[in-house]
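An overview of the molecular structure
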Amino acid sequence: MKMIIREISETENKDYWIGEIGKAKWIAGKYLCELLSTSDFYKLCGKSSKVFLLTDENNLVSFCTFAETDDIDDTELTPWIGFVFTFSQYRGKRNIEKLFNHIYPIAKSQGIKTIYISTDQKGLYENFGYTFYTTLKDRNGDMSLVYKRDIVLEHC
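As a starting point, this report considers the structure included with it.

Conventions and cut-offs
Residues numbered from 1 in each chain as written. Predicted model: local features only at pLDDT ≥ 70, side-chain atom pairs only at ≥ 80, totals over all residues. Heavy atoms only, no water. Helix = DSSP H or I, 4+ residues; strand = E, 2+ residues; numbered from the N terminus. Rg over C-alpha atoms; globule rule 2.2 N^0.38 Å. Buried < 20%, exposed > 50% of the residue type's maximum accessible area, 1.4 Å probe, protein only. 1 Å grid on protein atoms, 1.4 Å probe; cavity = no way out; pocket = protein on both sides within 12 Å on 5 of 7 lines; lining within 4 Å. Points joined across faces, edges and corners; volume = space filled by probe spheres on them. Nonpolar A, V, L, I, M, F, W, Y, C, P; charged D, E, K, R; others polar. Core = buried A, V, L, I, M, F, W, Y, C linked by side-chain atoms within 4.5 Å. Contact = heavy atoms within 4.5 Å. Salt bridge = Lys/Arg side-chain N within 4 Å of Asp/Glu carboxyl O.

1. A word on the overall build of the protein
Each helix and strand counted, the protein has 4 helices and 7 strands in total. Secondary structure elements of the protein occur, N-terminal to C-terminal, as β-α-α-α-β-β-β-α-β-β-β. Computed over C-alpha atoms, the radius of gyration of the protein comes to 15 Å, within 12% of the 15 Å expected from 2.2 N^0.38 for 156 residues, which places it in the range of a compact globule. For the protein, the spread of C-alpha atoms along the three principal axes comes to 40 × 35 × 30 Å. Counting every position in the protein, which comprises 156 residues, the buried fraction comes to 45%.

2. Structural notes on the layout of surface pockets
Size it by volume and the largest pocket reaches roughly 1000 Å³. Residue lining of the largest pocket: 35 residues in total, with Trp26, Ala28, Phe83, Ser118 and Thr119 positioned closest to the centre. Each residue belonging to the lining of the largest pocket can be placed in one class, and the counts come to 17 nonpolar, 9 polar and 9 charged.

3. Brief notes about unusual backbone geometry
In most cases, non-glycine residues show a negative phi, while peptide bonds are predominantly trans. Backbone torsion omega between Thr78 and Pro79 reads -5 degrees, so that peptide bond is classified as cis. Structurally, Pro79 is set in the loop between strand S3 (59–67) and strand S4 (80–86). Even without a glycine there, the phi angle at Arg94 is positive, about 60 degrees. Position of Arg94 among the secondary structure elements: in the loop between S4 and helix H4 (95–109).

4. Considerations on the nonpolar core
Membership of the largest hydrophobic core comes to 43 residues, with the highest contact counts inside it found for Ile21, Phe63, Ile81, Phe100, Ile115 and Tyr130. When near neighbours in sequence (up to four residues on either side) are disregarded, Tyr130 contacts Ile81, Phe100, Tyr104, Ile115, Ile117, Tyr125, Tyr147, Lys148 and Arg149. Among the nonpolar cores identified, the runner-up in size contains 5 residues, and Leu77, Trp80, Tyr116 and Val146 belong to it.

5. A look at the pattern of salt bridges
One pass over the full model with this rule turns up 3 salt bridges. The shortest N-O distance in the salt bridge between Asp40 and Lys43 comes to 3.4 Å. Placement of the pair is Asp40 and Lys43 together in helix H3 (residues 40–45), with a separation of 3 residues, close to one helical turn. What makes Asp40 partly exposed here is its relative accessible area of 31%. A residue is classified by how much of its surface remains accessible, and Lys43, at 70% relative accessible area, is exposed. Two residues, Arg94 and Glu97, come together in a salt bridge whose shortest N-O distance is 2.9 Å. The partly exposed category is assigned to Arg94, whose relative accessible area is 38%.

Here it is, written out as structure tokens:
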């Protein structure tokens, strides 16, 4: 298995990868697919936002966003890792960590010291060095757990 990390806007076959994201059996994955298909992703998440893919040949393993904003409105917290997903056949191998570790040096090069994740998952992101920060309302009015991770030298 030769895993490659790609940024979706830099791929030659962007429509193929957007379609692969849409195959995720997760409502947020389908929503990301829709946002990317209509170019609304950059309007919603910010112009400098990115979608990273972990691929094995033409198979999508994991994906996530590195974005200016996420599903929390009215906050100065930025940037966010969002839309975190690993396809079921690739779970349990810490594949998403490969994407996280790809993002950290990018963030550090931009002078970013902290990255946030909004989720309803307790106990997942702690496994990747994130700590609970606060609870905030998301765009749907639901309460979301906000985790943070400081970007430190050994991760870059």
